[in-house]
Amino acid sequence: RMLTAHPQFARATVNRFWAEFMGTGIVDPVHDFDLDRLSTQASHPELLEALADDFRKNGHDLRRLMRLITQSS
């Protein structure tokens, strides 16, 4: 629980799955998050936060996350 409690866990997980499916992360490179510059570093910060919030609210359900990403337009 301690690891998943940090908000960065959800953002990093979402970003890695996004990069896997879409070819590039919302923050790219995926391992280079700068929390002080996240709003300018992310190509779509609102999307990253929305997906991360949904991921947290749904108990870090990876299947749900993958479905959301792959069914997005």
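Everything numeric here is computed off the predicted structure, so don't read it as measured data. Each residue is numbered by its place in its chain's sequence as written, counting from 1. Confidence filtering applies because this is a predicted model: local features only for residues at pLDDT of at least 70, side-chain atom pairs given and counted only at 80 or more, and all residues used for totals across whole chains, interfaces and linings. Remark: hydrogens and water are excluded; side-chain values derive from all non-hydrogen atoms of the structure.

Draft legend 1. The overall build of the protein chain, seen in detail. Along the protein chain, the regular secondary structure elements total 5 helices and 0 strands. Along its sequence from the N terminus, the protein chain presents helices and strands in the succession α-α-α-α-α. Taking 73 residues into account, the globule formula puts the C-alpha radius of gyration at 11 Å, and the protein chain, at 11 Å, falls close to it. On the principal axes, the C-alpha backbone points of the protein chain span a range of 30 × 25 × 20 Å. Across the 73 residues of the protein chain, 33% fall into the buried class. Considering only residue pairs separated by 6 or more positions, the protein chain has 46% of its internal contacts joining residues 24 or more positions apart. Under the convention used here, a 1.4 Å probe and the Shrake-Rupley method define accessible areas, while residue burial counts only the protein chains that appear. A total accessible area of about 4900 Å² is found for the protein chain, and carbon and sulfur atoms account for 52% of it. For the purpose of charge, His is not counted, nor are the chain termini; Lys and Arg are scored as positive and Asp and Glu as negative. Positions of charges follow a simple convention, taking NZ of Lys, CZ of Arg, CG of Asp or CD of Glu. Each charge class in the protein chain was averaged separately, 9 positive and 10 negative side chains, and the resulting centres sit 8 Å apart. By the criteria applied, helices consist of DSSP H or I runs no shorter than four residues and strands consist of E runs no shorter than two, each listed in order from the N terminus. We compute the radius of gyration from the C-alpha atoms alone; for a globule the expected value is 2.2 Å times N to the 0.38, where N is the number of residues. Categorising residues by exposure relies on relative accessible area from a 1.4 Å probe, with only protein chains included: less than 20% of the type maximum marks a residue as buried, more than 50% marks it as exposed, and the intermediate range marks it as partly exposed. In this analysis, two residues are considered to be in contact whenever any of their non-hydrogen atoms come within 4.5 Å of each other.

Draft legend 2. Summary view of the environment of threonine 70. Topologically, threonine 70 is positioned in helix H5 (residues 62-70). Put simply, threonine 70 and alanine 5 are 65 residues apart on the chain and 25 Å apart in space, counted from C-alpha to C-alpha. Polar contact is defined as a pair of N or O atoms within 3.5 Å, subject to the rule that within protein one atom must be able to donate a hydrogen and the other to accept it, and that residues adjacent in sequence are counted only when both atoms are side-chain atoms. Among the polar contacts listed, one links the side chain of threonine 70 to the backbone oxygen of methionine 66, at a separation of 2.8 Å.

Draft legend 3. Broad picture of the nonpolar core. Of all hydrophobic cores here, the largest spans 14 residues; its most connected members are Val14, Ile26, Val27, Leu48 and Leu51. Going through the elements one at a time, helix H2 (7-22), helix H4 (45-57) and H5 are the ones with two or more residues in this core. Residue contacts for leucine 51: discarding those within four places in its chain leaves Val14, Trp18, Ile26, Leu68 and Ile69. The term nonpolar core refers to a set of buried residues drawn from Ala, Val, Leu, Ile, Met, Phe, Trp, Tyr and Cys, joined through side-chain atoms within 4.5 Å.

Draft legend 4. Representation of unusual backbone geometry within the structure. Geometrically, the link from aspartate 28 to proline 29 is a cis peptide bond, its omega value of 0° lying close to zero. Relative to the assigned elements, proline 29 resides in the loop between H2 and helix H3 (38-41).

Draft legend 5. Focus on the confidence of the model for the protein chain. In predicted models, pLDDT denotes the confidence assigned by the predictor to each residue on a 0 to 100 scale. Per-residue confidence for the protein chain averages 91 on the pLDDT scale, and 99% of its residues sit at or above 70. Per-element confidence in the protein chain is highest for H5, whose mean pLDDT is 97, and lowest for H3, whose mean pLDDT is 78.

Draft legend 6. Inspection of the pattern of salt bridges at higher detail. One speaks of a salt bridge when a side-chain nitrogen belonging to Lys or Arg is within 4 Å of a carboxyl oxygen belonging to Asp or Glu. Inspection of the entire model under this criterion finds 3 salt bridges. Taking the shortest distance from any N to any O, the salt bridge between arginine 11 and glutamate 49 comes out at 2.6 Å. Placement of the pair is arginine 11 in helix H2 and glutamate 49 in helix H4, with a sequence separation of 38 residues. Residue glutamate 49 is classed as partly exposed on the basis of its relative accessible area of 25%. A salt bridge links aspartate 53 to arginine 56; the shortest N-O distance between them is 2.5 Å. Residue aspartate 53 and its partner arginine 56 are located together in helix H4, separated by 3 residues, close to a single helical turn.

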